[in-house]
Structure formats: C-alpha cells, structure tokens
Amino acid sequence: QVQLVDTGGGLAQAGGSLRLSCAASGQGFSTYTVAWFRQAPGKEREFVAAIRASGGTQHYADSVKGRFSISRDRAASSVHLQMNNLKFEDTAVYYCAAGRPILSAIRNSGMYYYWGQGTQVTVSS
C-alpha cells in the first residue's frame, strides 16, 4: 500500500510559477511510475506528466511541454512538478498518482492504483 499527499497548489499570476509535491508513504514507492493528472471544472481528468520508476524517462502532455518539469527525489520518497510560465488554462485540481503502466498506457489514468487527494492550482490572467 502506498499513500500519497499532494501539496503546493495555490494562486499564481499568468507567467508565474508553482511547484507541486507528492509525498509518499508505504512500501515500494520507488518501484512505481508516478504521474500528475489534472481536472478542470466541467472537464475530464487529463494527463499532465509522468516519470518512470528509474527516474530516467519523463513524459509530458503537449500542452505543458517546455513549461513543466517532473522530477523525483528517491531519498525523500517524493515527486515534484515544477510549473513555469503558467497559463490561465492550467487552472485545475492537480492529482499525483502511482502505478505500473506499460509505456503505451502511461497517459491512461486507469492504469494508476494510488492517488493523492488533489491540490488546487488557480492561475489568474
């Protein structure tokens, strides 16, 4: 069992930055792929970024590529999402998730077993 806690959300201006953190407790976190998803009001949950267990491979949605960066801190059992050059359309609740998806399914939320409670990100235009 893995428990995830998302923190770091808040209010930012367009063009600003925020850093989200996903802190894990429980067994085996280092063996899981960790991803961030987000859900805006009235919209479906969408993939944002993922990092493999090895930490060597990152994947990004086209909408955030070049602006967001995902990283993992093995010693602290945490994963971070650095969000730069924020846009109004980045406003959403952000969730971290852990699972073992195959590469072709890494963007599929159904492939993740454990989820954080979510953290609100609001970007003002």
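To keep things clear, this report deals only with the structure shown in the data block.

A few points about the state of the cysteines
Working definition: the covalent bond between the sulfur atoms of two cysteines is a disulfide.
Reasoning step 1: This structure, assessed with the given rule, holds 1 disulfide.
Reasoning step 2: The disulfide partner of Cys 22 is Cys 96, and the S-S distance across this bridge is 2.1 Å. Because the sign of the S-S torsion sets the handedness, a value of about 60° for the bond joining Cys 22 and Cys 96 places this disulfide among the right-handed ones. One end of the pair, Cys 22, is in strand E3 (residues 18-26); the other, Cys 96, is in strand E9 (residues 92-99), and 74 residues separate them in sequence.
Reasoning step 3: On the accessibility criterion, Cys 22 (0% relative accessible area) is buried.

Points about the pairing of E9
Reasoning step 1: Within E9, 7 of the 8 residues are buried, leaving the element largely enclosed by the surrounding structure.
Reasoning step 2: Direction of pairing for strand E4 (residues 33-39) relative to E9: antiparallel, over a ladder of 7 bridges. Looking at E9, one finds that Thr 33 is bridged to Gly 99.
Reasoning step 3: Sheet topology note: the E9/strand E10 (residues 112-115) ladder contains 3 bridges and is antiparallel. When the bridges of E10 are listed, Ala 98 appears paired with Tyr 114.

Quick look at the sheet that holds strand E7 (residues 68-73)
Reasoning step 1: Across the sheet, which stays open at both edges, the 4 strands sit in the order E1-E3-E8-E7 with antiparallel pairing between neighbours. Either end of the sheet is taken by a strand with one partner, and the two such strands are strand E1 (2-7) and E7. Across the sheet, the mean angle from the axis of one strand to that of its neighbour is 15°, orientation sign disregarded.
Reasoning step 2: Two strands pair when backbone bridges link them, and E7 and strand E8 (residues 78-83) are joined in this way by 6 bridges, in the antiparallel orientation. Residue pairing for E8: Ser 71 is matched across the bridge by His 80.

What to know about unusual backbone geometry
Reasoning step 1: Of note, Ser 77 is a non-glycine position whose phi angle comes to about 50°, a positive value.
Reasoning step 2: With respect to the helices and strands, Ser 77 occurs in the loop between E7 and E8.
Reasoning step 3: Phi angles above zero are rare outside glycine, and Asn 85 is one such case at about 50°.
Reasoning step 4: Here Asn 85 is to be found in the loop between E8 and E9.

Focus: the environment of Arg 52
Reasoning step 1: Turning to its location among the elements, Arg 52 is positioned in the loop between strand E5 (46-51) and strand E6 (58-60).
Reasoning step 2: Separated by 15 residues in the primary sequence, Arg 52 and Phe 37 place their C-alpha atoms 15 Å from one another.
Reasoning step 3: With near-sequence residues (within four places) excluded, Arg 52 lies in contact with Tyr 32, Thr 33, Thr 57, His 59, Arg 72, Pro 101, Ile 102, Leu 103 and Ile 106.
Reasoning step 4: In terms of polar contacts, Arg 52 uses its side chain to reach the backbone carbonyl oxygen of Pro 101, at 3.1 Å.

Conventions and cut-offs
- Residues numbered from 1 in each chain as written.
- Predicted model: local features only at pLDDT ≥ 70, side-chain atom pairs only at ≥ 80, totals over all residues.
- Heavy atoms only, no water.
- Disulfide = S-S within 2.5 Å.
- Helix = DSSP H or I, 4+ residues; strand = E, 2+ residues; numbered from the N terminus.
- Buried < 20%, exposed > 50% of the residue type's maximum accessible area, 1.4 Å probe, protein only.
- Pairing = 2+ DSSP bridges.
- Axes fitted to C-alpha atoms, helices over the stretch in contact; angles between N-to-C directions.
- Contact = heavy atoms within 4.5 Å.
- Polar contact = N/O pair within 3.5 Å; in protein donor to acceptor, adjacent residues only side chain to side chain.

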